[in-house]
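Topology and contacts: notes
Now for the letters of each chain:
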Amino acid sequence: MKTTFKTILFASTIGLMALSTSCKKKGCTDETAENYSSEAEKDDGSCTYPTEGTVTLTFSHNVDGSVLTADVFDQLNYTTPEGNTYSVTKLQYLITDVRLYKASGDSIMIEGYHLVDLTDTSTLTYVLPEVVGLNPYTGIGFNYGFIDSKNISGEYADLNSASWSSPEMLGGGYHQLKFEGRYINDATDTINFQYHNITRTENPDNSTFVANDANIHLNKSMDLTGNANIEIKMNMQEWFRNPNTWDLDSLYTMLMPNYAAQIMMTENSYSVFSVGAVTVE
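The shown structure was predicted, so the numbers you read here are calculated from the model rather than taken from an experiment. (Residues numbered from 1 in each chain as written. Predicted model: local features only at pLDDT ≥ 70, side-chain atom pairs only at ≥ 80, totals over all residues. Heavy atoms only, no water.)

**With respect to the overall build of the chain**
A tally of regular secondary structure across the chain gives three helices and 19 strands. Scaling as 2.2 N^0.38, a compact globule of 281 residues should have a C-alpha radius of gyration of about 19 Å, whereas the chain reaches 28 Å, well beyond that. Projected onto its principal axes, the C-alpha positions of the chain cover 110 × 40 × 30 Å. Across the 281 residues in the chain, those meeting the buried criterion constitute 40%. Put simply, of all contacts in the chain between residues at least 6 apart along the chain, 64% involve residues at least 24 apart. Element-wise, carbon and sulfur atoms account for 50% of the exposed surface of the chain, whose accessible area totals about 14300 Å². Here the chain holds 16 positive side-chain charges and 35 negative ones, and the gap between their average locations is 18 Å. (Helix = DSSP H or I, 4+ residues; strand = E, 2+ residues; numbered from the N terminus. Rg over C-alpha atoms; globule rule 2.2 N^0.38 Å. Buried < 20%, exposed > 50% of the residue type's maximum accessible area, 1.4 Å probe, protein only. Contact = heavy atoms within 4.5 Å. Areas by Shrake-Rupley, 256 points an atom, 1.4 Å probe, with all protein chains shown as cover. Lys, Arg positive; Asp, Glu negative; His and termini not counted. Charge placed at Lys NZ, Arg CZ, Asp CG, Glu CD.)

**A look at unusual backbone geometry**
Backbone torsion omega between Asn242 and Pro243 reads 0 degrees, so that peptide bond is classified as cis. Inspection of the secondary structure puts Pro243 in the loop between strand 18 (228-235) and helix 3 (259-272). We note that Asp97 has phi near 50 degrees; this positive angle belongs to a residue other than glycine. For Asp97, the location among the structural elements is in strand 8 (residues 90-101). Exposure remark for Asp97: the relative accessible area of 9% places this residue in the buried category. Even without being a glycine, Thr188 presents a positive backbone phi close to 65 degrees. Note on placement: Thr188 falls in the loop between strand 13 (175-184) and strand 14 (190-198).

**Focus on the packing of aromatic side chains**
For the structure on display, the rule yields 22 aromatic pairs. Ring centres of Tyr86 and Phe193 lie 6.5 Å apart, and the angle between their planes is 70 degrees; on these two criteria the pair is classed as edge-to-face. Residue Tyr86 is located in strand 7 (residues 85-86), and its partner Phe193 is located in strand 14; the two are separated by 107 residues in the primary sequence. With a relative accessible area of 0%, Tyr86 lands in the buried category. (Phe/Tyr/Trp six-rings, centres within 6.5 Å; stacked < 30°, edge-to-face > 60°.)

**Some points on the nonpolar core**
The biggest cluster of nonpolar side chains holds 51 residues, and the ones touching the most others in it are Leu57, Tyr86, Ile140, Phe179 and Phe273. With five residues, strand 8 is the largest single contributor of residues to this core. In this view, Phe179 contacts Tyr86, Val88, Lys90, Leu91, Phe193, Gln194, Tyr195, His196, Met236, Trp239 and Phe240; residues no more than four positions away in its chain are not counted. Formed by seven residues, the second largest nonpolar core is a distinct cluster that contains Leu115, Phe146, Tyr156 and Trp164. (Core = buried A, V, L, I, M, F, W, Y, C linked by side-chain atoms within 4.5 Å.)

**Observations regarding the side chain of Gln262**
By the element assignment, Gln262 lies in helix 3. On the basis of relative accessibility, which here comes to 0%, the residue Gln262 falls in the buried class. Setting aside its immediate chain neighbours within four residues, Gln262 contacts His196, Asn197, Ile198, Thr201, Asn212, Leu255 and Met256.

**A short note on the pattern of salt bridges**
All told, the structure shown has eight salt bridges when counted by the stated rule. Among the ionic pairs, Glu180 bridges to Lys90, the shortest N-O distance being 3.9 Å. One end of the pair, Glu180, is in strand 13; the other, Lys90, is in strand 8, and 90 residues separate them in sequence. When its relative accessible area of 15% is taken as the criterion, Glu180 is described as buried. (Salt bridge = Lys/Arg side-chain N within 4 Å of Asp/Glu carboxyl O.)

**What to know about the side chain of Asn185**
Checked against the element boundaries, Asn185 lands in the loop between strand 13 and strand 14. In this structure the side chain of Asn185 is engaged in a polar contact, spanning 2.8 Å, whose partner is the backbone nitrogen of Asp189. If near-sequence neighbours (up to four positions away) are discounted, Asn185 is found in contact with Ile191 and Asp249. (Polar contact = N/O pair within 3.5 Å; in protein donor to acceptor, adjacent residues only side chain to side chain.)

**With respect to the confidence of the model for the chain**
In this model, the chain carries an average pLDDT of 90, and 91% of its residues clear a pLDDT of 70 or more. Considering only residues more than four positions removed or in separate chains, one finds that residues 5-11, a stretch of pLDDT under 50, has one contact. Counted against residues more than four places away or in other chains, residues 13-21, with its pLDDT under 50, gives one contact. (pLDDT = per-residue confidence, 0-100.)

**Digging into helix 3**
The end-to-end C-alpha distance of helix 3 is 20 Å, a good match for the 20 Å that 14 residues give at a rise of 1.5 Å each. Those residues of helix 3 that fall on the buried side of the exposure criterion are Ala261, Gln262, Met265, Thr266, Asn268, Ser269 and Val272. One side of helix 3 holds all its buried residues, which, seen down the axis, span an arc of 165 degrees. (Expected span 1.5 Å × (residues − 1). Arc of directions from axis to C-beta.)

Here it is, written out as structure tokens:
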């Protein structure tokens, strides 16, 4: 067989290419992997990924887009749909048993509770007490207030210290919201209001107490591939608007024993919350 110069050159080129390829440093080249190597030139299939992550909820508050913080408390900057000019002087609320929803319809529940107080910045974040599997999720949810089986008078020492208990004569258990402020009434007087929502309320016939919590389910596609921060937004205006329009001139005080008012508050809670930014480290 006759060997030509071209044949030798081709064989040499192939050999050099193979040698060059085999000399490349191997490792994980995926920057999202736990064992990513910046020196690796060729992926060797060794990449590993986290299977669990920490989820932190961050709570933000607004009035139809106008940012609400404790720094602007007691400023008569807002107007209800009924035309009442009002301010905010207190905002506290309780969320419990956070859920992450999957496309299959299943969900992961992380038991626990968290009291948000707008005057205490440390409460504006809530690190969920359990790590979660890293999956694409279709939404997040939580209970607004305790479910009835967990709404046990005196059960939670920190909530007792925070004066979060509901009077036994009104069914006991705990609040789910304390929203207070001032408003200008029809006589142009500035009046205090207390929009307090409790998790158990008495029927109009004064014979039985009914659960008054709400299960909030917020749709949001979230591809959690690491430790995540999820913003939960509250629009204060929705407490006065949807589905029940709120007239502060008639509903501003003595609301805790008012069965109809308590039901209206809880019905409005479903539109108050939404999901904002979702970030993953």
